[in-house]
Amino acid sequence: MNLSDQPPSSSNDTPSADPMAHPSRAIRPHGLEDARKLATEAARVALDNNGQDVMVLNVSEQSAEFDFFVIATGTSRRQLHAISEQTDDALEKGLGDRRQGIEGYQESSWIVLDYGSLVVHLFDEETREYYDLESLWADATPIPLSDLGLTQR
């Protein structure tokens, strides 16, 4: 008997016949808690560098690719670069995670740091207002900074 002659396996053979039934196992091998830790640390770095209007959004219900956004506004190119560089340092050295991509660093009006499960968006005020990610991702769940043990200064 060759493999094509075998009947399809029943749903009793595997924990779930639907591979998307448990996205935290199929798509998020480290789970939401690790992504939340990354988001908390990225938000802390933004706050420590005087980032303004720091927000953490849980987008895991809207996206299979990433779980959290951290959004922050900076008042200068230098400040946005500092937040970007210190975020890399904190996530890599402190939490063992590596950035997968970066966009906008040279232009510095919108820097995007991609850590897989976490995407950090660093804006100048005008660009943040223009793109309004908070409205674009309105179905996301905002995580109060106090729930992460953080406070906006």
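Before any of the text, the structure's been laid out above.
Conventions adopted
- Residues numbered from 1 in each chain as written.
- Predicted model: local features only at pLDDT ≥ 70, side-chain atom pairs only at ≥ 80, totals over all residues.
- Heavy atoms only, no water.
- Phe/Tyr/Trp six-rings, centres within 6.5 Å; stacked < 30°, edge-to-face > 60°.
- Buried < 20%, exposed > 50% of the residue type's maximum accessible area, 1.4 Å probe, protein only.
- Helix = DSSP H or I, 4+ residues; strand = E, 2+ residues; numbered from the N terminus.
- Contact = heavy atoms within 4.5 Å.
- Polar contact = N/O pair within 3.5 Å; in protein donor to acceptor, adjacent residues only side chain to side chain.
- Pairing = 2+ DSSP bridges.
- Axes fitted to C-alpha atoms, helices over the stretch in contact; angles between N-to-C directions.

Asks: Is there a simple way to explain the packing of aromatic side chains in this structure?
Replies: This model, assessed by the stated rule, comprises 6 aromatic pairs. Both rings, one in Y130 and one in Y131, keep their centres 4.9 Å apart while their planes meet at 85 degrees; by these two values the pair is edge-to-face. Y130 sits in the exposed class, given a relative accessible area of 66%.

Asks: In this structure, what is going on with the side chain of S84? I would like to understand it.
Replies: Among the secondary structure elements, S84 is positioned in helix α3 (residues 77-95). For S84, a relative accessible area of 1% translates into the label buried.

Asks: Got a minute to help me understand the side chain of T127 in this structure?
Replies: Checked against the element boundaries, T127 lands in helix α4 (residues 125-131). Classification of T127 as buried rests on a relative accessible area of 12%. Setting aside residues up to four positions removed in sequence, T127 forms contacts with S109 and W110.

Asks: Can you walk me through the environment of Q79 in this structure?
Replies: Within the fold, Q79 resides in helix α3. For Q79, a relative accessible area of 11% gives the class buried. Considered as a pair, Q79 and N49 are 30 residues apart in the sequence and their alpha carbons are 7.2 Å apart. Dropping the residues within four chain positions of it, Q79 is found in contact with N49, N50, G51 and G74. A polar contact is formed between the side chain of Q79 and the backbone oxygen of N50, at a distance of 2.9 Å.

Asks: I would appreciate a short explanation of the pairing of strand β1 (residues 52-58) in the present structure.
Replies: One ladder, built from 5 bridges, connects β1 with strand β2 (residues 68-74); its direction is antiparallel. For M55, the partnering residue across the bridge sits in β2 and is I71. Taken together, the 3 bridges between β1 and strand β6 (residues 141-143) define a ladder with antiparallel strand orientation. Bridging from a neighbouring strand, N58 pairs with T141 of β6.

Asks: Even after reading the chapter, I still don't get the sheet that holds strand β5 (residues 118-124), so can you show me in this structure?
Replies: Strands belonging to one sheet form pairs held by backbone hydrogen bonds; the direction of such a pair is parallel or antiparallel. Here we have 6 strands laid out as an open sheet, ordered β3-β4-β5-β2-β1-β6, and mixed in their pairing. Edge strands, defined here as strands with exactly one partner in the open sheet, are β3 (101-103) and β6. Pairs of neighbouring strands in the sheet enclose a mean axial angle of 20 degrees, with direction left out of account. Across the sheet, helix α2 (residues 31-48) touches β1, β2, β5 and β6, and the angle it forms with β2 is around 5 degrees. The strands touched by α3 are β2, β3, β4 (110-114) and β5; relative to β5, the strand with the most contacts, the crossing angle is about 165 degrees.

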